[in-house]
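Here is how the chains run, residue by residue.
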Amino acid sequence: MKYYILLFASCILNIASLAQMQLSVTTQNPSTEIGDASCSVTIEGGVAPFEYRWSKKDTELTSSVCSGMQEGISYTISVTDSLGNQSSAVVLVKAVSVEERLNKWFTPLVDALALVLLWDPFAACGIYDPVVYDSNGLPFLHPNGQPVTQDCWLVVVLLIGAAVWFTLYFGFINIRGFKHALDITRGKFAKPEDKGEVSQFQALTAALSGTLGLGNISLVAVAIAVGGPGATFWMIVAGLVGMSSKFIECTLGVKYRVIDAKGEVSGGPMYYLSKGLAIRNMKGFGRVLAAVFAVMCIGGTLGGGNMIQANQAYAQVAQTLGADSISSLTFGIIMALAVGLVIMGGIKSIARVSDKIVPFMVAVYVLFALLIIGANISHIGEAFTQIWNGAFHADAMKGGFIGVMMMGFRRASFSNEAGIGSASIAHSASKTDRPISEGFVSLLEPFIDTVIVCTMTALVLVFTGYAADPQGLTGSSLTNAAFTSIFPWFDWVLMVAIILFAYATMISWSYYGMKSWAYLFGEKNWIKQSFNILFMVCTVIGTVSGLGAVVDFSDMMILGMAFPNIIGLLIMSGEVKADLRAYWKEVTNDE
């Protein structure tokens, strides 16, 4: 009897020893580049088979190796054996290079901003389920087993919600003011004695050059790849209501601008937030909002408006011509010098370049899109049916109706920047004594950027079949594949287009950043030029370096600009409505 008891106890101890798992972790950091680290796990004890749950979502449950890890960032690994026993560990690959250390420093900042900007208020209140389900009604999972979600970001809800409110509040000014906007832009109401630095058409092209860019080529493709053709419908809706946001912010930009003795104009959210709220006995609050906006604008300028543009322009050159065709350093220096030649001259110099580049690059891009659309014109009804049905009857794997709608809204918000406030800085320099008139001019921006250019990209993807089957591609690679399927040599055209789009974006955003810099540190010329030099240095850095979380942080800063701006717009909307009534009466009398 004792023998059996001892044997039983021995078996229990053996099983217990097998169940006790110990994880041995080995890490590798093969180069100085960001995100090329890896980790492998060796298990002692436990009963196979094992399930590996990595915090990195694209790592399979069956994989004991995790690759593509960012250096200096903590990851977790939890291993479960066939008996249900678990053991976990925290993995950290040491950051060595300057790029890796910068990425390590910026990542917590990005995560902190994401907690606010990308928070989902509707899911938090239980209004809807953000989990994406497959055709069988089961949660669609990341490779690591976590459910895929399609979130309604707070910042997008704010931007779209405010745009819808302004559209209703101003009586659909985006529609009833469209023809009048065209008349103003072509100079019908221009007066030689009006104060300002550039014409209203030049102000429009300068602002457009800041919004027309990689987003029209790559972000649309991302939206279509993830949300299907239906995302196009919601991009168009976001563009249409965004016209009203542009109207109010650019009206205020001109109304509260400052013109110095030399005739140089300074305007934008920094000025209408500080001066406009001061009139309403909210001087301190207005100054805080203006300062927050200026700081975020500088951060967004140096990253999203500069480094990422230069980086992606070089990436396209390397992809088309080959990495050996030109070094990243050489390309970065050339790009920095080309930008510097323009931005040192201020808004007048920027406008002289943008009013030539913007119409040209829009015309070329739209022309090729129209050639594809024209060749498939007999199927235009089918294309719009796909877009309409996809918008309202999206399958579960695309996140359903809410998922597709939010995908379209997100990409449109990134693309046309309506409600962000950046464009009002450029429009403030226009030659006009009627602030409302510049508001009308500015509402054309989201229409051109999103309703026309983004829709052209989306229709090309639909007609070439890449909207239904992205073939694993996304971003500019998907757009390029769609165009080259019809025009095999289009990758050369796309390369030129991306360089021009990036260049135009950089010269406009440099102005936004310089004006924000001057607002914080002073209007002396050497202060302004110091920012321009910093901008050029960042152009080279962005071209030669891996950017990692620096880009994510910059994107967060640009989105964050919406919060102080929208608060100010809502407070001052009544003032703009009264000005609009007076303007219509004045224009009617003039005509």
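The structure we're discussing is the one just above.
Residues numbered from 1 in each chain as written. Predicted model: local features only at pLDDT ≥ 70, side-chain atom pairs only at ≥ 80, totals over all residues. Heavy atoms only, no water.

Trainee: Which residues make up helix 20 (residues 490-521), and what values go with them?
Mentor: Over its 32 residues, helix 20 runs 45 Å from end to end, which matches the ideal 46 Å to within 8%, given 1.5 Å per residue. A large share of helix 20 lies buried, amounting to 25 of its 32 residues. Glycine 522, located one to two residues past helix 20, shows a positive phi value of around 125 degrees. (Helix = DSSP H or I, 4+ residues; strand = E, 2+ residues; numbered from the N terminus. Expected span 1.5 Å × (residues − 1). Buried < 20%, exposed > 50% of the residue type's maximum accessible area, 1.4 Å probe, protein only.)

Trainee: Could you give an account of the sheet that holds strand 6 (residues 86-92), naming the residues involved and the relevant values?
Mentor: With antiparallel pairing, three strands are arranged side by side in an open sheet as 3-5-6. The open sheet has two free edges, formed respectively by strand 3 (51-54) and strand 6, since each of these has just one partner strand. Strand-to-strand twist in this sheet, taken as the mean axis angle between neighbours without regard to direction, amounts to 20 degrees. The pairing of strand 3 with strand 5 (residues 74-80) spans four bridges and is classified as antiparallel. Across the sheet, tryptophan 54 pairs through a bridge with isoleucine 77, a residue of strand 5. (Pairing = 2+ DSSP bridges. Axes fitted to C-alpha atoms, helices over the stretch in contact; angles between N-to-C directions.)

Trainee: I'd like a rundown of the sheet that holds strand 2 (residues 37-44), residues and numbers included.
Mentor: In a beta sheet, neighbouring strands are held together by backbone hydrogen bonds and run either parallel or antiparallel to one another. Spatially, three strands are ordered 1-2-4 in an open sheet, and the strand pairing comes out antiparallel. Each end of this open sheet is capped by a strand with a single partner; those strands are strand 1 (22-28) and strand 4 (65-69). Within the sheet, the average angular offset between the axes of one strand and its neighbour, ignoring direction, is 20 degrees. Where strand 1 meets strand 2, seven bridges bridge the pair, whose relative direction is antiparallel. Considered in strand 2, the bridge of threonine 26 is made with serine 40.

Trainee: Mind laying out the environment of glycine 286, listing which residues take part and the relevant values?
Mentor: Mapped onto the fold, glycine 286 is located in helix 11 (residues 283-321). Separated by 210 residues in the primary sequence, glycine 286 and valine 496 place their C-alpha atoms 42 Å from one another. Among residues more than four places away in sequence, those in contact with glycine 286 are Leu273, Ser274 and Leu277. (Contact = heavy atoms within 4.5 Å.)

Trainee: Just give me the short version of the packing of helix 6 (residues 178-185) against helix 17 (residues 435-442), but keep the residues and values in it.
Mentor: In the contact formed by helix 6 and helix 17, the axes pass within 8 Å of each other and the chain directions differ by 105 degrees. If you check the angle between helix 6 and helix 17, you find them roughly perpendicular. Side by side, helix 6 and helix 17 meet where His180, Ala181, Ile184 and Thr185 of the first sit next to Ser437, Phe440 and Val441 of the second. Considering only residue class, the contact of helix 6 with helix 17 consists of four nonpolar, three polar and no charged. (Parallel < 35°, antiparallel > 145°, perpendicular 65-115°, else oblique. Nonpolar A, V, L, I, M, F, W, Y, C, P; charged D, E, K, R; others polar.)

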